[in-house]
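Next come the chains, spelled out residue by residue.
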Amino acid sequence: MTALRKNISLILTSILILTFATLIIGANIKSPPAPGVVSHVDDDSCPATGSGTEQDPYCRIQTAVDNAGSGVEIRVAEGTYTGIDSRPDSQGHEYWQVVYIDKSLILKGGYDDNDWNAPRDPSDYPSVIDAERGGRGVTVIGTSSDVTLDGFTITGGDYATRGNGDGVSGELCSRTGYDCGGGMFAKWARIDLLN
């Protein structure tokens, strides 16, 4: 009977260890986004904020990014998207840009806002991110971010008077040579740039 109890105890202990190991491993696996989750952006809807639907798109790309869960597709209609926004990362470094991304997302430009389901055409319906010389177009920061930017023109970036230098917020980029990308800057992220 004692040997039987030891065997049962050993089996139960093994099951508990396997269950605990599965929970730890499972916690580190990224789950795929729910299929079909899409947000919409159209600068023609400004100054209203919008809700991200086809009928009521967000006015700004940044609003769509802020409200999106990881893995969401953001469709951006023809237009010029501006408006520098200042954001700190988790280490307190400050970044100035039109679009700040810190999660996995798919951003697609080139949509006709009259038919969101028609094939996109960035040549006929250009989606332009314009920093207007006030910072950069796009910043992507994140330890596990997978970001796709497809069908955008990024222009007007100027980061010469911005930058985090050696980690001290506010140091001039032109003096330190670090954190100087005017069009786009990425740190700790995987990015696919498509057109």
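Residues numbered from 1 in each chain as written. Predicted model: local features only at pLDDT ≥ 70, side-chain atom pairs only at ≥ 80, totals over all residues. Heavy atoms only, no water.

Enquirer: Before we move on, could you go through unusual backbone geometry and cite the residues and values that matter?
Expert: With an omega dihedral of 10°, the bond running from Cys 46 to Pro 47 counts as a cis peptide bond. Within the element layout of this structure, Pro 47 appears in the loop between β1 (38-41) and α2 (61-67). Despite not being glycine, Glu 132 shows a phi value in the positive range, around 50°. By the secondary structure assignment, Glu 132 is in the loop between β7 (127-130) and β8 (136-150). (Helix = DSSP H or I, 4+ residues; strand = E, 2+ residues; numbered from the N terminus.)

Enquirer: An account of the side chain of Asp 42 is requested, with residue identities and associated values reported.
Expert: Looking at where Asp 42 falls in the secondary structure, it is placed in the loop between β1 and α2. We note that Asp 42 is buried and unpaired, the nearest opposite charge coming from Arg 60 at a distance of 13 Å. Within polar-contact distance, the side chain of Asp 42 engages the backbone nitrogen of Asp 44 at 3.0 Å. (Buried < 20%, exposed > 50% of the residue type's maximum accessible area, 1.4 Å probe, protein only. Lys, Arg positive; Asp, Glu negative; His and termini not counted. Salt bridge = Lys/Arg side-chain N within 4 Å of Asp/Glu carboxyl O. Polar contact = N/O pair within 3.5 Å; in protein donor to acceptor, adjacent residues only side chain to side chain.)

Enquirer: How would you explain the pattern of salt bridges if you had to name every residue and give the values?
Expert: Two side chains of opposite charge can pair, provided their charged atoms sit close to one another. One pass over the full model with this rule turns up 6 salt bridges. One salt bridge in this structure joins Arg 87 and Asp 66, with 2.8 Å as the shortest N-O distance. In this pair, Arg 87 is assigned in strand β4 (residues 85-88) and Asp 66 in helix α2, connecting sequence segments 21 residues apart. A residue is classified by how much of its surface remains accessible, and Asp 66, at 40% relative accessible area, is partly exposed. Between Lys 108 and Glu 73 there is a salt bridge, with the nearest N and O atoms lying 3.9 Å from each other. Linking Lys 108 in strand β6 (residues 105-111) with Glu 73 in strand β2 (residues 73-77), this pair joins segments that are 35 residues apart in sequence. Residue Glu 73 is classed as buried on the basis of its relative accessible area, which comes to 13%. The structure contains a network of salt bridges with shared partners spanning Asp 66, Asp 85 and Arg 87.

Enquirer: For the pairing of β6, give the residues involved together with the corresponding values.
Expert: The two faces of a sheet get side chains in turn, since along a regular strand they alternate between them. Most of β6 is tucked away: 5 of the 7 residues are buried. In terms of strand pairing, β2 meets β6 through 5 bridges, oriented parallel. Bridge pairing in β6 places Glu 73 opposite Ile 106. (Pairing = 2+ DSSP bridges.)

Enquirer: Give me the lowdown on the confidence of the model for the chain, citing residues and values where you can.
Expert: Within the chain, residue pLDDT values average 79, and 72% of them lie at 70 or more. Here residues 10-34 scores under 50 on pLDDT; set against residues more than four positions off or in separate chains, the count is 5 contacts. Residue range residues 166-170 is modelled with pLDDT below 50. Its contacts to residues more than four positions away, or to other chains, number 7 contacts. (pLDDT = per-residue confidence, 0-100. Contact = heavy atoms within 4.5 Å.)

Enquirer: Residues and numbers for the packing of aromatic side chains, please.
Expert: Summed over the entire model, instances satisfying the criterion amount to 4 aromatic pairs. Between Tyr 95 and Phe 185, the aromatic rings sit 5.8 Å apart at their centres with planes inclined by 25°, giving stacked as the arrangement. Here Phe 185 lies in strand β10 (residues 184-194) and Tyr 95 lies in strand β5 (residues 94-101), a separation of 90 residues in the sequence. Phe 185 shares its class with Tyr 95; the two are buried. With centroids separated by 5.9 Å and ring planes inclined at 40°, the aromatic side chains of Tyr 111 and Trp 116 adopt a geometry described as tilted. Side by side, Tyr 111 and Trp 116 carry an identical accessibility label, which is buried. Members of the aromatic cluster, joined through ring pairs, are Tyr 95, Tyr 100 and Phe 185. Sitting over the ring of Tyr 159, Arg 136 keeps its end group 3.7 Å from the ring centre. (Phe/Tyr/Trp six-rings, centres within 6.5 Å; stacked < 30°, edge-to-face > 60°. Lys NZ or Arg CZ within 6 Å of the ring centre and 35° of its normal.)

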